[in-house]
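Secondary and tertiary structure notes
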Amino acid sequence: MYDVATNLHKIKDNLPKGVELIAISKYHPKAYIEAAYNEGQRIFGESHVQELQGKVGELPEDIEWHFIGHLQTNKVKYIAPYISMIQSVDSVKLLKEINKQAAKHNRVINVLLELHIAEEETKYGFTLDLCREWLASGELNELQNVHISGLMMMASNTDDEAQVKAEMMAAANFFDEIKAKYFADDAAFKERSWGMSQDYDIALACRSTMIRVGTAIFGPRVY
Ligand SMILES: *Cc1c(COP(=O)(O)O)cnc(C)c1O
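Residues numbered from 1 in each chain as written. Predicted model: local features only at pLDDT ≥ 70, side-chain atom pairs only at ≥ 80, totals over all residues. Heavy atoms only, no water.

1. Remarks on the pairing of strand 3 (residues 64-67)
The sheet contact formed by strand 2 (residues 43-46) and strand 3 spans 4 bridges and is parallel. Within strand 3, the residue paired with G45 across the bridge is H66. Note that strand 3 and strand 4 (residues 85-89) share 2 bridges and pair parallel. Across the sheet, the residue bridging to F67 is I86, located in strand 4. (Pairing = 2+ DSSP bridges. Helix = DSSP H or I, 4+ residues; strand = E, 2+ residues; numbered from the N terminus.)

See below:
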């Protein structure tokens, strides 16, 4: 096994105050999660419903699971009873389905709106304009069983640090814009989830509050 404990501490122990580490455990076996858990890590991120379902029942109950992958609406019902946060809300349709399933369990599910800022066409998420448009519609007020806790994004997968930084700063500035306009009275709208193994140091310079790190903790994924 990769030296999970050492890798975890190297990252976690140097994080600025107010920044959470989400350990991305997708494609890694239970034993890796347990190794991180034993070092005090409690928040883990997964991107496939079936894989997550398999892990949840076999791991400690006080783990907070974050969903970070593209989520199909017909699968929301499986994770709605327990998911701690859905970071990858990339459409209004998905948000409405989460609201509906959360209501069935008498829960309010915390979510992040995923922004599409990177240049790659394959990335999911709201464009800034679509996000502005939807917030202006006031439809959010009808969704009593979801709480928008902030924004999530993935920067372009490139060595060009200036580009990565520009994309993350665009997300940070957009956070300020909608915070002021729609969430000024909601102290719990505060999360800026960006930064992965390759770029979390840049993300920290761009006001990230949640870094999502997999490979740098657990090693390369075996697909
Ligand atoms: C897999 C994944 C990560 C972690 O990527 P690493 O490069 O392994 O750190 C972070 N965010 C999302 C959305 C992912 O799918």
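2. Structural notes on helix 3 (residues 49-56)
Along helix 3, the positions that sit buried rather than exposed are V49, L52 and K55. The buried residues of helix 3 all sit within an arc of 130 degrees when viewed along its axis, so they share a single face. (Buried < 20%, exposed > 50% of the residue type's maximum accessible area, 1.4 Å probe, protein only. Arc of directions from axis to C-beta.)

3. Topic: the environment of L59
Mapping L59 onto the fold places it in the loop between helix 3 and strand 3. In sequence terms L59 and L94 are 35 residues apart; their C-alpha atoms lie 27 Å from each other. Once you skip the residues sitting within four places of it in the chain, L59 turns out to touch K30, I33, E34 and W65. (Contact = heavy atoms within 4.5 Å.)

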